[in-house]
Every structure is written in C-alpha cells, then in structure tokens.
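Notes for the structure review
Spelled out, the chains give:
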Amino acid sequence: MSLSVKHSASPLNIFTMMTNLARAHDAYNLSQGLPDYPVAAALGAYLTEAVEQGFNQYAPMQGLTSLREAIAIDLNKRYQTKTVAADGVVVTPGATYGIYASLTAIIDKGDEVIYFEPAFDCYRPAIEITGGVPVRITLEASADFRIDWNQVKDRITLKTKAILINTPHNPTGYVWAQFDWDQLADVIGDKDIYVIADEVYDHIVFDDRQHLPGFLQPRLRHKLISIYSFGKAFHITGWKVGYCVAAPDIVAAFKSIHQYLTFSVNTPAQHAIAQYLQHYDVAEAAATLQHKRDLLIGGLQSSRFQPLTTSAGTYFQLYDYSAISDRDDVSFAKWMTAEHQVATIPLSAFYQSERSDKIVRLCFAKKDDVLLAAAAQLSKV
Ligand code: GLN
C-alpha cells in the first residue's frame, strides 16, 4: 500500500515544530503567530450567548447574512468605499482554507502560480495540492525584500494562471504601497491571470500607514480575490473564521468548491463576530500590536540582535543574529529555545531555496510581560 504525497513541503510545519520545542523547554514562545492574551470580553460573551440562544446548527453555505452584511459595512467604512456588497463575501473557516479554496476554484492541473518567497508556509503546498505548478520568485534580505517587477514579467508564461501576493507581509512586515499594486497591474496587463491577495493582517498596520485592499484596485478587482482573517483582527486565531471578497464570477466558482469542502462555518462564532463587528474599536488591533512591536524593539535595543527594517505591519519583526553566531538559522533557533528559553522562527522556513541568511522572525503578539522577559533573555545572548 502507498499513501499519496501531494506536496514537496516539510511533513511537519515549522510553527508546530517550534511551538512544541518551546513547550518542551518551557521557553517564551515568540515563534508561532498567535496571541497569548485574552480576547475582548464582549466578543466572548457574544459567543456564549449565541450557543445559549440555540444557534448551534449549520449556518448558510456562504455565511450568515448578518455577518456578510456586517463585513460589507465594516470594509466600506474602513476603506471609504461603497463597492463591497454582502453577496461578494464568503465566510471561510480561516484564511489558509480561503487560499486553498481559491486555488482550487482557479487552477487546472499544470497551471502555473507565481508566488514570492519568503512566503507563508502554506502557499507552495497549497499550489501543489490543488494541481498547480509553483513558480517562485525569491526576494532577498540584502535587497530589502523588494520585488523585481522585471523578473515577474519574465516569469509570466502562457501557463501562468494566478499570482499569489501577501500584504501586510508575513514575515517581513512590509506593507504594499500603491506603487506595488500599480506594478502588479502593469505586469498582468490584460492577461487572463488571477490575483489571490492574502491580506490577513489588514487591521495591523503601524505608524499611521493605510492598508490598501486588493478589491479597490481598479485594474485588478475583476480578477482578484482578497483573503481576510478574524483570527488576526480580533486576536482569535483559534476560532478559525475568516472571509474572502471577490467579483461575482469568482465568488460563484469559490462557492462551488466551498460547499463540498466544508459546507459552512462555525455558526455561534459567526453570530458572535457579526455582533462584535458593529461596535468594535477599528484602531485597537493596530494600536495594541504597535505598542507590542515597540516594546520588543526597545527591549532588544542593547542586545546583539539587529532589527531589519522596522515592521510596518503584521505580528512580526525580523532580527539579524550574525553578531552572535555563525550557526544556520534552524540550528540557531533550536539552540536559542533550548539554551536561552526563547523560541523564534528561522527565516529559511519561508524559503524553498537554500539560504545562508542569519535571520529569525520574532512574534510580538504576546503579553507585555512575556515580551519584556523574552527581550531580557535575548539581551544576555
Ligand atoms: N500565521 C502564523 C505564523 O505565521 C501561524 C501559522 C500556523 O501556525 N500555521 O506564525
């Protein structure tokens, strides 16, 4: 007998591996991107209420109408537009699922999908599992992870079916400017190429920056699906609720897959989020995380860890450790967890290509006292 191997990525993802290691060594876990602080009391109360009120059976396939309407109102308000309609929203069990289902709806066997590394770890396996051919474009730390758009142009072939992008970007913290969107629209031109835009950190941008959602790009919106996550917006990664926004034909193709993959998403969570969306503090997530970013960077100021460009968004800050060690980043991260009780993520985990960077990713979506204690540990290294 043989089991199917559908992708070329590691059988055990780096986030699980480092979190397990952090537990084994009782280390501060600045590796996996998950908050360790409590959720808003009102949101928790809405969830309990929804269960008690009997909302415990399947929700409609596309998502609760009340939630999709609340999402449309929220997006239109946040991005000062009127373009988002509840019909253009599909509620998903998280954003990773949204990426898989989007690829499944778009890709035929052998179609090429361009993506950029460093990349979130599910992109490549998701492309492979859904029958696509991953075409990776490598961004270098030495070039500030800037995209060489001429290279993108060169990599587009007649088989290119989609380009997968991510802003705000995990792990670099880069937030796309209008220039980036314009470049993407230019290289795609009138070619039949879809864009899957992973925008899960759209709430979490710092220093008065604005996230620019893909669905507002006039030249791309008809061929684009934007992927979002309440996990990040409301610090509830374990609820696994997100959503997609797309043009009507893409929504129809997405739903055609979605109904047979999961049918529908956790009903009480949808009720709770629909209520909370109506009065949550839009600026809270960015303010909370910016404070935490600054706490971490301040705490490491006198350490031998050197921050790369200050994170403009997400949960993450990259640090160069070349002043400390010659070890490769995986063995450095393991050694740090075991010997100094701080778990991080090696940057090479976001690359398929061989790396020699001496860089780790630190997650600052953690309690203030955890960040300070971890920074104190790291400052001793
Ligand atoms: N997105 C989070 C990170 O980058 C967690 C991902 C995961 O655990 N699969 O750390």
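As a reminder, the structure under discussion sits directly above these lines.
Residues numbered from 1 in each chain as written. Predicted model: local features only at pLDDT ≥ 70, side-chain atom pairs only at ≥ 80, totals over all residues. Heavy atoms only, no water.

**Some words on the sheet that holds strand 5 (residues 160–166)**
As a general point, the strands of a sheet are linked pairwise by backbone hydrogen bonds and lie either parallel or antiparallel. To keep things clear, this is the line we draw: Being paired, for any two strands, means DSSP has found at least two bridges between them. By definition, any uninterrupted DSSP run of H or I lasting at least four residues is a helix, any uninterrupted run of E lasting at least two residues is a strand, and each is numbered from the N terminus. The axes are straight lines fitted to the C-alpha atoms, using for helices just the contacting stretch, and the angles between their N-to-C directions are given from 0 to 180°. Should any heavy atoms of two residues lie within 4.5 Å, those residues are counted as being in contact.
Read across the sheet, seven strands follow the order 2-8-7-6-5-3-4 without closing on themselves; strand pairing throughout is mixed. Of all the strands in the sheet, the pair left with one neighbour each is strand 2 (89–92) and strand 4 (133–138). The sheet shows a mean angle of 20° between the axes of neighbouring strands, direction not considered. Relative to strand 7 (residues 224–229), strand 6 (residues 194–198) is paired through four bridges, and the arrangement is parallel. Residue Ile196 lies in a different strand from strand 7, and its bridge partner there is Ile225. Against the sheet, helix 4 (residues 95–106) contacts strand 2, strand 3 (112–117), strand 5, strand 6, strand 7 and strand 8 (242–246), and its axis sits at roughly 160° relative to strand 7.

**A short note on the pattern of salt bridges**
As a reminder, the rule being used: Salt bridges are defined as contacts in which a side-chain nitrogen from Lys or Arg sits within 4 Å of a carboxyl oxygen from Asp or Glu. Summary of the burial criterion: residues with accessible area below 20% of their type's maximum are buried, those above 50% are exposed, and those between are partly exposed, where the area comes from a 1.4 Å probe applied to protein chains only.
Here the structure, examined in full by the defined rule, presents 13 salt bridges. Here Arg209 and Asp207 are joined by a salt bridge, their closest N and O atoms 3.4 Å apart. Assessed through its relative accessible area of 39%, Asp207 is described here as partly exposed. For Asp207, the salt bridge identified is with Arg293, shortest N-O distance 2.9 Å. Of this pair, Asp207 sits in the loop between strand 6 and strand 7 while Arg293 sits in helix 11 (residues 284–299), placing them 86 residues apart in sequence. Overall, Arg293 belongs to the buried group, its relative accessible area being 3%. Taken together, the shared-partner salt bridges in this structure form one network comprising Asp207, Arg209, Arg293 and Asp294.

**Details of the sheet that holds strand 10 (residues 316–320)**
In space, the four strands of this open sheet follow the order 9-10-13-12, with antiparallel pairing throughout. In this open sheet, the two strands that pair with only one neighbour each are strand 9 (306–307) and strand 12 (345–346). Pairing of strand 12 with strand 13 (residues 359–363), which is carried by two bridges, proceeds in the antiparallel orientation. Its bridge partner lying in strand 13, Ile345 is registered against Arg361.

**Focus on helix 2 (residues 41–52)**
Convention followed: The span one expects for a helix is its residue count, reduced by one, times 1.5 Å. Working definition: the arc comes from the directions between the helix axis and the C-beta atoms, pointing outward to the latter.
The end-to-end C-alpha distance of helix 2, which contains 12 residues, comes to 17 Å, matching closely the 16 Å that a straight helix rising 1.5 Å per residue would cover. Here helix 2 has its buried residues at Leu43, Tyr46 and Ala50. One face of helix 2 carries all of its buried residues, which in axial projection span an arc of 55°. Facing away from the buried side of helix 2 by over 90 degrees, the exposed positions are Ala41 and Glu52.

**Details of unusual backbone geometry**
The step from Glu117 to Pro118 runs through a cis peptide bond, and the omega angle for that step is 10°. Tracing the sequence through the fold places Pro118 in the loop between strand 3 and helix 5 (123–129). Omega for the peptide link from Thr167 to Pro168 comes to -15°, which places this bond in the cis form. Tracing the chain through its elements places Pro168 in the loop between strand 5 and helix 7 (178–188). The residue Asp144 is not glycine, and still its phi comes out positive at about 55°. Despite not being glycine, Asp207 has its phi angle at roughly 55°, a positive value.

**Some details on the site of the ligand**
Our working rule: The cutoff for a nearby residue is simple: one of its non-hydrogen atoms must lie within 4 Å of the molecule or strand. Contacts described as polar in this section are N or O atom pairs within 3.5 Å, which, within protein, must combine one atom able to donate a hydrogen with one able to accept it, while residues neighboring in sequence count only if both atoms come from side chains. In short, Shrake-Rupley with a 1.4 Å probe defines the accessible areas, and a residue's cover is counted only from the protein chains shown. Nonpolar residues are Ala, Val, Leu, Ile, Met, Phe, Trp, Tyr, Cys and Pro. Charged residues are Asp, Glu, Lys and Arg, and all others, Gly as well, are polar.
Taken together, Phe15, Gln32, Gly33, Phe120, Asn170, Tyr201, Phe316 and Arg361 make up the full set of residues adjacent to the ligand. One nitrogen or oxygen atom from the side chain of Gln32 is found 2.6 Å from an oxygen atom belonging to the ligand. Out of a free accessible area of 290 Å², the ligand has 80% covered by protein chains. Of the residues belonging to the shell around the ligand, the class tally is four nonpolar, three polar and one charged.

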